[in-house]
Amino acid sequence: QVNPFGMCFDPLGNQYTSDCHTKPAYLVLRGAYYPSFGKPHDGLGFGPELLQHLHGSTGIAGIVYYAAEHFPPEFRDNLIIGNPVTGRINRDTLEAHGSTYKAIEQPDFLTCDDPWFRPVDLQLAPDGSLYVADFYNRIIGHYEVPLTHPGRDRERGRIWRISYVGDDGQQRAPRIPDLTSASVAELVDALGHPHLPVRVQATHQLVHRIGSEGAPAVLAVLSGDRPEQRVHALWVLERWGALSDDELTLLAIDSDRTVRVHLAKALAERSAWSDVARLVVTDRLLVDNDAFVRRAAADALGRHPVEGAERRLVHTWIQTPAEDALLTHTLKMAVRDTLVARNSFDAIDPATWTSPERERLLEALLGAPQPAAAALAMRSFRTEAWPAGQVEGLVQHVARHLPPEELGQLKLIAERYDSQPHSLELVVLRAGQRGLQQRGAPLPEFWATWAQGTAGELLSSNDEGAVRSGIELIRDLQLKEAGQGLPERLQAGGPQAGLSGLVMDTLAAIDHPELVPSVAALLARDDVPVDLRQHAAQVLGGLNRDDARSALLDRLKTAPGNVALAIGRGLAAAPAGGEELLKAMEAGKASPRLLQDATIDQRLKSAGLTDFDSRRGKLLEGLPPENEELKQLMATRKAAFEITTADVEAGRMAFRKLCAGCHQIGGQGGKVGPGLDGVGLRGLDRLLEDTLDPSRNVDAAFRSSTVVLNSGKVLNGLVAREEGAVLILIDDQGKEVPVPLEDIEERQQTRLSPMPANVADKLTAAEYNNLLRFLLEQRVAPVKVE
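Residues numbered from 1 in each chain as written. Predicted model: local features only at pLDDT ≥ 70, side-chain atom pairs only at ≥ 80, totals over all residues. Heavy atoms only, no water.

Novice: Before we move on, can you summarise the sheet that holds strand 6 (residues 88–97) with the specific residues and values?
Specialist: Read from one edge of the open sheet, four strands run 4-5-6-7, paired in antiparallel fashion. Each edge of the sheet is formed by a strand with only one pairing partner; in this case those strands are strand 4 (63–65) and strand 7 (100–111). Within this sheet the neighbouring strands show an average axis-to-axis angle of 25 degrees, counted without direction. Note: strand 5 (residues 79–83) against strand 6, five bridges, orientation antiparallel. What sits directly across from I81, in strand 6, is N90. (Pairing = 2+ DSSP bridges. Helix = DSSP H or I, 4+ residues; strand = E, 2+ residues; numbered from the N terminus. Axes fitted to C-alpha atoms, helices over the stretch in contact; angles between N-to-C directions.)

Here it is in structure tokens:
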């Protein structure tokens, strides 16, 4: 997870976490993957969500499942979650769908009119009261302002205890006996206490202080009439190694599902199974009439793979309703884990499996990055066409993991999907290319030929969407032949002029011989929108070539300020261009004010230029303070906003246009940068800083990196991950850029934000005001429950 801060269990043994920057809470599964910034899942998809809502922010800390009787009934079995951004403690009830809970938002458990209230941790006490750790600070996040900011409080913090007193104001929290000195009989009785923390502590006391000499008393309650007592007695005996096969058989038919769930969980923790334990799990618990029991059994079986387990698990999977997402995901992982642990891929003949069985087998194979798994997927392909929803994942999987001697089988895939609708062709072409790129292998000739033909058909279309898809295919698969005619699309009045930015990127990707002159010609045109000319400067700067630098320098002196700034950033992208830029300033051919731009300044400082500090000082002599121009811009934008009636819905559209590629609000948007739910709490001044000066204070997790390729090209972006032989960069538009590791000469993290620094140029004044209004509206709203 991104930043889990808080964990708890419920009486069934379900584990919950609160997680900053995703959803406020998850019921987590052992071995599942969960969303993070630019990180992929394991091929099986992310673990199912518990909440669809966000409680007004993504900065969540602390979680409690209320498993006690001190609070009134409506609060019992609730999730209670700390929200340090909004200064509230949120509350959810849980609605069961099989073994999957759906959280239902309730009115907040606690609200506070003190704006410094920051509940960062919650704990359920044995007496049923709730303890709250209150960070008590004006500043919310560690990357919100510099660590040296004077507004950070370094002296105060508070701990609150919340208990129920009722209408008469009398304390009702029960007194809890001192379990550290309790007798065996008292501890055994406490195993059935109505408060979960007491039961857990009594369990620990019996295991660690009393030892197995208390076994007779504990065994006696296995047939008692309190399910909670039987559950914890089960765990005490198991931790002593005293739970016999006879007790396993008895507990497997216990009338209470909680006992059967914990039996499966206890068996999952064993290092090895007896024959009785295996039969209890496979023949009873895996087919139990309760979904929570089946989920615990599936998890146990995935950790103890036995012969034939794959098919047993698949049968349970087929019978599982779609709404029970947690059981489905657990079964999916268990099938995968069984196949991997037993290395049973080669023993499976897909022809002997039914279509529903094969579909689920293939879904599990996506999480097994083994050559034998890819070979099994191809055997299934020859038996029956892959299900439509699995085609993309399976094509990428086999392209990446097939044994080298079997890669020729990709031709079967090309033959099956060639001449299909373009939408399907594109999915398959791209998936195959990604898989081959991740393994460090070139496109086979038959795959490249197919892609060239598809790209040509798309480029000849009158539909701009189809043309865009064709250009993107040329860019991503580097189809040089299909891209030969692209420069003419940059000419004045050319077809689909709105695709010019994509065309420039594609010309750079395929290293077109007309790249520099055609992009330089666009940069020099005054009738081209500013943001497109800025993009042209960025493309030329990233080439790190003499002809590209010459084109940028030729335009620098006469370019308007915002375009000159982009040219300066492009030149500063590499040391050679940085030196040329510095010389241009010294010769009066460029404004020294460019040095006051954070991006240019940081890049030049990192370039190792001769006498840079002294040269920089001389150029800046007599100029206003470095941030004066930015301050003026912010003041101007603020004044314009305050006298304008901005449109929230239009601002939502501006957010989608400019920000949603990297940021989420309400679960919609990219997962590259921090989520922005509750961002309106920051206020207007802070939002102006965030949008107009994004590199002012950048958390280390979100700093841009500079990547220099062997060819000399320079790329800038956020490093998301490595996938096999490929580094995934995310550019300032939120687009993933795959870079073969073997092509990288140098890689260095900067102190700059990957967020574009020219927001003011990408939006009109009205659009920018609308965006600010939309962001300011992102505040927590009270939940109304009918």
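The structure having been displayed, the exposition proceeds.
Novice: Residue-level account of helix 4 (residues 227–240), with values.
Specialist: Helix length check: helix 4, at 14 residues, gives a terminal C-alpha distance of 20 Å against a target of 20 Å (1.5 Å per residue), a fit within 8%. Of all 14 residues in helix 4, 11 are buried; the element is thus mostly enclosed. Of the residues making up helix 4, those classed as buried are Q229, R230, V231, H232, A233, L234, W235, V236, L237, E238 and W240. Here the buried face of helix 4 lies against helix 1 (184–190), helix 2 (196–210), helix 3 (215–220), helix 5 (245–251) and helix 6 (257–268). Phi turns positive, to about 75 degrees, at G241, one or two residues after helix 4. (Expected span 1.5 Å × (residues − 1). Buried < 20%, exposed > 50% of the residue type's maximum accessible area, 1.4 Å probe, protein only. Contact = heavy atoms within 4.5 Å.)

Novice: Please set out the state of the cysteines residue by residue, giving values where relevant.
Specialist: Summed over all chains, the structure comprises zero disulfides. We note that C112 lacks a disulfide partner, and the nearest cysteine sulfur, in C20, lies 19 Å from it. Summary of cysteine pairing: C662 is not part of a disulfide, and the nearest cysteine sulfur, belonging to C659, is at 8.7 Å. Judged by its relative accessible area of 16%, C662 is buried. (Disulfide = S-S within 2.5 Å.)

Novice: Could you give an account of the pairing of strand 8 (residues 119–124), with specific residues and numbers?
Specialist: Where strand 8 and strand 9 (residues 130–134) come together, five bridges link them in antiparallel fashion. Residue pairing across strands places Q123 opposite Y131, the latter belonging to strand 9.

Novice: Requested: an account of the environment of G367, with residues and values cited.
Specialist: Within the fold, G367 resides in the loop between helix 11 (355–365) and helix 12 (371–383). A relative accessible area of 8% means that G367 is categorised as buried. Separated by 287 residues in the primary sequence, G367 and A654 have C-alpha atoms spaced 38 Å apart. Once residues lying within four places of it in the same chain are set aside, the contact partners of G367 are D42, G43, L44 and R336.

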